[in-house]
Every structure is written in structure tokens, then in C-alpha cells.
Amino acid sequence: MSDIAELERRISAALARIEAGVEVLGAAPAETAPAARDEGEITRLTEELEAERAANAQLTERVRAIKEKQETMVGALEKKVERLTAQIDAADAEIRRLKQLGDDLTETNRALTTAAAAGVVEPALINRSLMGELDALRAQRAAEIAEMDEILAELKPLIGEVA
């Protein structure tokens, strides 16, 4: 990119020198130089000026194309970052939920163990323990589904390229 900027600077400087030369030739009195030489010099300088303008136009077009490509890539990367951030947030929420379910299950099992050690059977504790285990299994299944969705989201663009 810096090479293009340097080339643009050099071309602009060359154009300025050519234009100054054309102005000097146009302003010089006709008696100081033969008309044929002036015409040839003006023609040569005009051709150089046109060549430099064409080169400048090509470089400008290349810079524009590079900027468009860069903007497209940045936009795609921003969308991907947004999608990945949303996936991370969802995974984080699921991890917090699983941790809470695990803590609840641990507490219920401790109470169940204490009741069993005392020889007391408490159906409410057994039900709470089983419900905690079911919730943990459901959360695990939801986490696996979310993981599969992430994998599918990454595979869909690859499948689209192959098809």
C-alpha cells in the first residue's frame, strides 16, 4: 500500500514538472527557439503528460479496488466476530446454568446422604435429587445441541463452496 502511495506521489510530481515545462514553452517568445523544435517538444511533453495521467488513473483504480476488497473483508470479519461472540455468550450462559445445576444436585445429594445415614427415608429429597439429575441431563443435552449448531454453522459455508 505504501508503494502505491509513493508511486502516486512521484507521478504527481512528474505531472507538475511536465505542466511547468509546457507553461514555460507556451510563455516563451517565438523568436527564442525555432517553431518546429517547440512543436516537437510540446508534442513530446503532451504525450508524456497523457502517459502519466493514464498511469495515475490506473493506480487510482487499483487503490480503489484494494480499498473495496479491504472493506469487504473487514465487513465479513466483523460479522464473523459478532456471530462468534454470540456463540460464546450462549455457551457462557449454558456453563453458568450447568454449574448451578451441579451445585443444586450436590446439595441435594448431601441432604439425601445425611437422611440415609440417619435411617430416615425422605421421598421429597429423593424427588429433588432425581429432578436435579434430570435437569442436569437436559442441560447437558442442550449444551451438546448448541455445540452441534456451532459445528454446523462452520460447515455450512464449506459445504456451500463445494456444492
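Fair warning: this is a prediction, and the values are worked out from it, not measured in the lab.

Undergrad: Would you explain the overall build of the protein chain in this entry?
TA: Scanning the protein chain from terminus to terminus reveals three helices and zero strands. For the protein chain, the sequential pattern of α-helices and β-strands runs α-α-α. On the protein chain, roughly 12,400 Å² of surface is accessible, and the fraction owed to carbon and sulfur atoms is 60%.

Undergrad: Would you mind going over the side chain of Gln87 with me for this structure?
TA: If you trace the backbone, Gln87 turns up in helix H2 (residues 35-117). By relative accessible area, Gln87 is classed as buried at 18%.

Undergrad: Would you mind showing me how to read the pattern of salt bridges here?
TA: One side chain can pair with another of opposite charge once the charged atoms of both are near each other. All told, the structure shown has 12 salt bridges when counted by the stated rule. A salt bridge links Lys99 to Asp103, with the nearest nitrogen and oxygen atoms 3.5 Å apart. Taken together, the residues Lys99 and Asp103, both in helix H2 and four residues apart, mark about one turn of the helix. With relative accessibility at 56%, the residue Lys99 sits in the exposed group. Because the salt bridges share partners, they merge into one network encompassing Glu41, Arg44 and Glu48.

Undergrad: Would you take a moment to explain the nonpolar core for this structure?
TA: Grouped together as the largest cluster of nonpolar side chains are six residues: Ile11, Leu15, Ile18, Leu45, Leu49 and Leu59. Looking at this core, the elements that each hand over two or more residues are helix H1 (2-27) and H2. When neighbours within four sequence positions are excluded, Leu45 is seen to be in contact with Ile18, Gly21, Val22 and Leu25.

Undergrad: When you look at a nonpolar patch on the surface in this model, what are you seeing that I'm missing?
TA: A surface patch of nonpolar side chains, about 550 Å² in accessible area, is lined by Met148, Ile151, Leu152, Leu155, Leu158 and Ile159. Within the fold, Leu158 resides in helix H3 (residues 123-162).

Undergrad: Looking at this structure, how should I read the side chain of Glu94?
TA: Following the sequence through the fold, Glu94 ends up in helix H2. Under the relative-accessibility criterion, Glu94 is labelled buried at 17%. Apart from residues lying up to four places away in sequence, Glu94 is in contact with Ala139, Ala142 and Ala143.

Undergrad: How do you make sense of the environment of Leu98 when you look at a structure like this?
TA: Among the secondary structure elements, Leu98 is positioned in helix H2. Apart from residues no more than four positions distant in its own chain, Leu98 is found in contact with Ala136, Ala139, Gln140 and Ala143.

Calculation rules
- Throughout, residues of each chain are indexed from 1 in the direction in which the sequence is written.
- Restriction of local features to residues with pLDDT of at least 70 applies here, the model being predicted, together with a cutoff of 80 or more for giving and counting side-chain atom pairs; totals for whole chains, interfaces and linings are based on all residues.
- By convention in this description, side-chain values take in all heavy atoms of the structure and omit both hydrogens and water.
- Secondary structure counts use DSSP, requiring at least four H or I residues in a row for a helix and at least two E residues in a row for a strand, with both numbered from the N terminus.
- With residues, only the protein chains shown are counted as cover, and all accessible areas are computed by Shrake-Rupley using a 1.4 Å probe.
- Relative accessibility under 20% of the residue-type maximum defines a buried residue, over 50% an exposed one, and the middle range a partly exposed one, all with a 1.4 Å probe and only protein chains included.
- Salt-bridge detection follows one rule: a side-chain nitrogen of Lys or Arg within 4 Å of a carboxyl oxygen of Asp or Glu.
- Within this scheme, the nonpolar core is defined by two criteria: the residues are buried Ala, Val, Leu, Ile, Met, Phe, Trp, Tyr or Cys, and they are joined through side-chain atoms within 4.5 Å.
- The contact criterion used is simple: two residues touch if any of their non-hydrogen atoms lie within 4.5 Å.
- Patches here: salt-bridge-free residues with over 30% relative accessible area, like charges joined within 9 Å, nonpolar side chains (Val, Leu, Ile, Met, Phe, Trp, Tyr) joined within 5 Å.

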